[in-house]
Amino acid sequence: METTGRLGERGVAAAAQGMPADARRSVDGYLMAAFPWYGLDEAFTGPRWLMQVGAAADGIVEYGSTGHGEEPSLKVETDMDQQRFTVVVTVASRPGRDSADGTGKLEATTVSSAAWLAGSGLLSCTWPTRMERALRQDWLDQQTAIAWELADDLEGESWSQLSLPVDGVPTDFHYRESEYGWVLAGTANEDVHIGAYGRGMSAYGLGFAVVKDIARYDGQDG
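Anyway, here's the lowdown on the structure attached to this text.

### Here's the deal with the environment of Val-210
The residue Val-210 is located in strand β11 (residues 208–210) in this model. We classify Val-210 as partly exposed; its relative accessible area is 35%. Considered as a pair, Val-210 and Leu-40 are 170 residues apart in the sequence and their alpha carbons are 8.4 Å apart. Setting aside residues no more than four positions away along its own chain, Val-210 makes contact with Pro-36, Trp-37, Tyr-38 and Asp-167.

### Details of the pairing of strand β4 (residues 85–92)
A large share of β4 lies buried, amounting to eight of its eight residues. Along β4, one buried face is formed by Phe-85, Val-87, Val-89 and Val-91 and the opposite face, lined by Thr-86, Val-88, Thr-90 and Ala-92, is buried too.

### Remarks on the packing of aromatic side chains
When we look at a pair of aromatic rings, we describe it by the centre distance and by the angle of the planes. As enumerated under the stated definition, the model contains seven aromatic pairs in all. Geometrically, the ring pair formed by Tyr-175 and Trp-182 is tilted, given 6.4 Å between the ring centres and 35 degrees between the ring planes. Here Tyr-175 matches Trp-182 in class, with each residue buried. Three or more aromatic residues joined by ring pairs form one cluster here, namely Tyr-30, Phe-35 and Trp-37.

### Looking at the nonpolar core
Grouped together as the largest cluster of nonpolar side chains are 57 residues, with contacts concentrated most on Trp-37, Leu-184, Tyr-197, Phe-208 and Ile-214. Discounting residues that sit within four places of it in the chain, Leu-184 has contacts with Ala-118, Leu-162, Leu-164, Phe-173, His-174, Tyr-175, Ile-194, Gly-195, Ala-196, Ala-203 and Phe-208.

### Examining helix α4 (residues 111–126)
Here α4 is 16 residues long and its end C-alpha atoms lie 23 Å apart, about the 22 Å a rise of 1.5 Å per residue gives. At the N-terminal end of α4, a side-chain oxygen is found 3.1 Å from the backbone nitrogen of Ser-112, two or three residues along, and the residue is Thr-110.

### Side note on unusual backbone geometry
Of note in this structure, Asp-167 is not a glycine but carries a positive phi near 55 degrees. With relative accessibility at 42%, the residue Asp-167 sits in the partly exposed group.

The rules behind these values
- Residues numbered from 1 in each chain as written.
- Predicted model: local features only at pLDDT ≥ 70, side-chain atom pairs only at ≥ 80, totals over all residues.
- Heavy atoms only, no water.
- Helix = DSSP H or I, 4+ residues; strand = E, 2+ residues; numbered from the N terminus.
- Buried < 20%, exposed > 50% of the residue type's maximum accessible area, 1.4 Å probe, protein only.
- Contact = heavy atoms within 4.5 Å.
- Phe/Tyr/Trp six-rings, centres within 6.5 Å; stacked < 30°, edge-to-face > 60°.
- Core = buried A, V, L, I, M, F, W, Y, C linked by side-chain atoms within 4.5 Å.
- Expected span 1.5 Å × (residues − 1).
- Polar contact = N/O pair within 3.5 Å; in protein donor to acceptor, adjacent residues only side chain to side chain.

Any functional reading would require information beyond the geometric quantities listed.
Right, here's the structure in full:
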């Protein structure tokens, strides 16, 4: 799983989504990261839960997500409009570098990387379950391509600016809304970029903070 450019980021994201639930949610992967994880700050008092981490071919953890609120479900009987959740994606800030096997180059991770992972994450948990099965993949491919194009044009008219606190410091984020929910992305510090997406919970008024104890998210509330 190389994180080489666009295809690499998509490949890592898809691989993480396809991992068994126990592997995706294991706190062990989070503990292997050499960068700090971010989540909602202490103003949020609801449930917190683990999602997944993504790693490069050499096993180095590159990004991961923490969930807040109600875990989204794709069951047909679930009313998407009633779901309330926010997912925070932490992406390690990496310079351009050689691949683990020395045969290629890995592109630097940027705010666009966080925006792409957040946008694709929103799609993965809000796509229309009542759509005919034969049309689902075409729809997902189309929307995924659009999500990447948007992430690659953060200065475009599809995005607005939103200032939210990160560790108590006002920080500018790129923000957009759609019929499926909202997505935002920005830089927390020199070590990481933050992406986030949600539905049913307004992004306005949220705050982000370093997770002091990631085990708190391991099947525990608040």
